[in-house]
Amino acid sequence: MNWISGPLVAFDLETTGTDVETDRIVTAAVVRLEPDGAVSAERTWLLDPGVAIPEQASAIHGISTDHARAHGAPAPSGVEEITRAVAAVLRSGTPLVVMNARYDLSLLDRECRRYGLESIGERLGDEPSPVIDPLVIDKHVDRYRKGKRALHALCAHYGVPLDDAHNARADAVAAARVVRRMGERHRPVGTMPLTDLHDLQVRAAAAQSASLQAYLRRTADPTAVVEPSWPVIPRSR
């Protein structure tokens, strides 16, 4: 059985911003989808991130600082539960679908460091795997397609509904359905063993980062540095 014919578990975060080193988790979802696309299990979290949620972030995901403080779980216990749940999925060998995994998994890693918790890699004794990233795969299989590659754009391109965008559960479900559709459309990827697919994404993500860095140096910031590592950016210290 290939991976597109089996269950997938999707993971998504909504956060206070876009910097994996300093921003915090606000909401999270871990959702299991069966081969027919139906959701068979799910967990969601709302955390009090311990800092004010910027207005621009609240405008995207709809969670205000006051709401998070009133209804959210304390960040240390919430981060522990999220990390434990994600590690359990990977330990089981079920593919973990993460749109832009480099961001979500790296930010979760930094939250673990912030609160003195074991990271996913430390719990597994290895890098997080098997991870399937719709963003990396789409850029690999359809390199020259024009237009955006954000989740809403991938959903439109692959014919997957996206209701309630920037809700962690909704985004997780959409990402899993999109990546299954990718695998069905691009059969060499859809029938690839998971270990080979994971290794392919490591190489593809590095190549994509190199292309972006070259582009930025030609057109924008010659000092730009684009992180090549995937699915987790190494800690700087």
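Above this text is the structure in question.
Residues numbered from 1 in each chain as written. Predicted model: local features only at pLDDT ≥ 70, side-chain atom pairs only at ≥ 80, totals over all residues. Heavy atoms only, no water.

Caption draft 1: Representation of the overall build of the chain within the structure. Across its full length, the chain holds 10 helices and six strands. Taking 2.2 N^0.38 as the reference for a compact globule, 237 residues should give roughly 18 Å; the C-alpha atoms of the chain span a radius of gyration of 17 Å, in line with that estimate. Dimensions of the chain along its principal axes, counting C-alpha atoms only, are 45 × 45 × 35 Å. By residue count, 49% of the 237 residues in the chain fall in the buried class. In the chain, of all internal contacts separated by at least 6 residues, the share reaching a separation of at least 24 is 68%. (Helix = DSSP H or I, 4+ residues; strand = E, 2+ residues; numbered from the N terminus. Rg over C-alpha atoms; globule rule 2.2 N^0.38 Å. Buried < 20%, exposed > 50% of the residue type's maximum accessible area, 1.4 Å probe, protein only. Contact = heavy atoms within 4.5 Å.)

Caption draft 2: Molecular detail of the nonpolar core. Phe11, Ile25, Val30, Ile82, Val86 and Leu96 are the most contacted members of the largest nonpolar core, which totals 30 residues. Of all elements in the fold, only strand 1 (8-15), strand 2 (25-33), strand 3 (39-48), helix 3 (75-92), helix 4 (101-114) and helix 10 (194-219) reach the threshold of two or more residues within this core. Residues contacting Val86, with those up to four places away along its chain left out, are Phe11, Val30, Leu96 and Ile120. With 29 residues, the next largest nonpolar core counts Leu8, Ile132, Ile137 and Ala174 among its residues. (Core = buried A, V, L, I, M, F, W, Y, C linked by side-chain atoms within 4.5 Å.)

Caption draft 3: Quick peek at the sheet that holds strand 2. Strand order in the open sheet made by the six strands is 4-3-2-1-5-6, with mixed pairing throughout. Strand pairing shows two members of the sheet lacking a second neighbour, strand 4 (73-74) and strand 6 (131-132), which therefore form its edges. As defined by bridge partners, strand 2 adjoins strand 3 across seven bridges and the pair is classed as antiparallel. In the strand pairing of strand 3, Leu33 is matched with Val39. Contacts between helix 4 and the sheet are confined to strand 1, strand 2, strand 5 (96-97) and strand 6, with strand 1 contributing the most and set at about 70° to the helix. (Pairing = 2+ DSSP bridges. Axes fitted to C-alpha atoms, helices over the stretch in contact; angles between N-to-C directions.)

Caption draft 4: Region of the structure containing the pattern of salt bridges. Tallied over the entire structure, the rule returns 14 salt bridges. Between Glu81 and Arg43 there is a salt bridge whose closest N-O contact spans 3.3 Å. Here Glu81 is found in helix 3, whereas its partner Arg43 is found in strand 3, with 38 residues between them in sequence. We classify Glu81 as partly exposed; its relative accessible area is 29%. Between Arg114 and Glu111 there is a salt bridge; the shortest N-O distance is 2.5 Å. Taken together, the residues span about one helical turn, with Arg114 and Glu111 both in helix 4 at a distance of three residues. (Salt bridge = Lys/Arg side-chain N within 4 Å of Asp/Glu carboxyl O.)

Caption draft 5: Molecular detail of unusual backbone geometry. Going from Ser129 to Pro130, the amide bond is cis rather than trans, its omega being 5°. Counting through the fold element by element, Pro130 comes out in the loop between helix 5 (120-124) and strand 6. Even without a glycine there, the phi angle at Asn100 is positive, about 55°. Among the secondary structure elements, Asn100 is positioned in the loop between strand 5 and helix 4. We classify Asn100 as partly exposed; its relative accessible area is 31%. Here the phi dihedral of His166 falls at roughly 70°; this positive angle occurs in a residue that is not glycine. Note on placement: His166 falls in the loop between helix 7 (151-158) and helix 8 (168-185).

Caption draft 6: Focus on helix 4. Compared with the 20 Å implied by 1.5 Å per residue over 14 residues, the 19 Å span of helix 4 between its first and last C-alpha is a close match. Among the 14 residues that make up helix 4, 12 are buried, leaving the element largely enclosed by the rest of the structure. Burial in helix 4 covers these residues: Ala101, Arg102, Tyr103, Asp104, Leu105, Ser106, Leu107, Leu108, Asp109, Arg110, Glu111 and Cys112. (Expected span 1.5 Å × (residues − 1).)

Caption draft 7: Expanded view of the packing of helix 3 against helix 4. Packing of helix 3 against helix 4 brings their axes to within 10 Å, and their N-to-C directions diverge by 130°. It follows from the interaxial angle that helix 3 and helix 4 lie oblique. In the packing of helix 3 onto helix 4, the handedness of the crossing is left-handed. Contact with helix 3, carried on its side by Val79, Ile82 and Thr83, involves Leu108, Glu111 and Cys112 of helix 4 and no other residues of that element. A breakdown of the residues in the contact of helix 3 with helix 4 according to their chemical character gives four nonpolar, one polar and one charged. (Parallel < 35°, antiparallel > 145°, perpendicular 65-115°, else oblique. Left-handed = near helix turned anticlockwise from the far one by under 90°. Nonpolar A, V, L, I, M, F, W, Y, C, P; charged D, E, K, R; others polar.)

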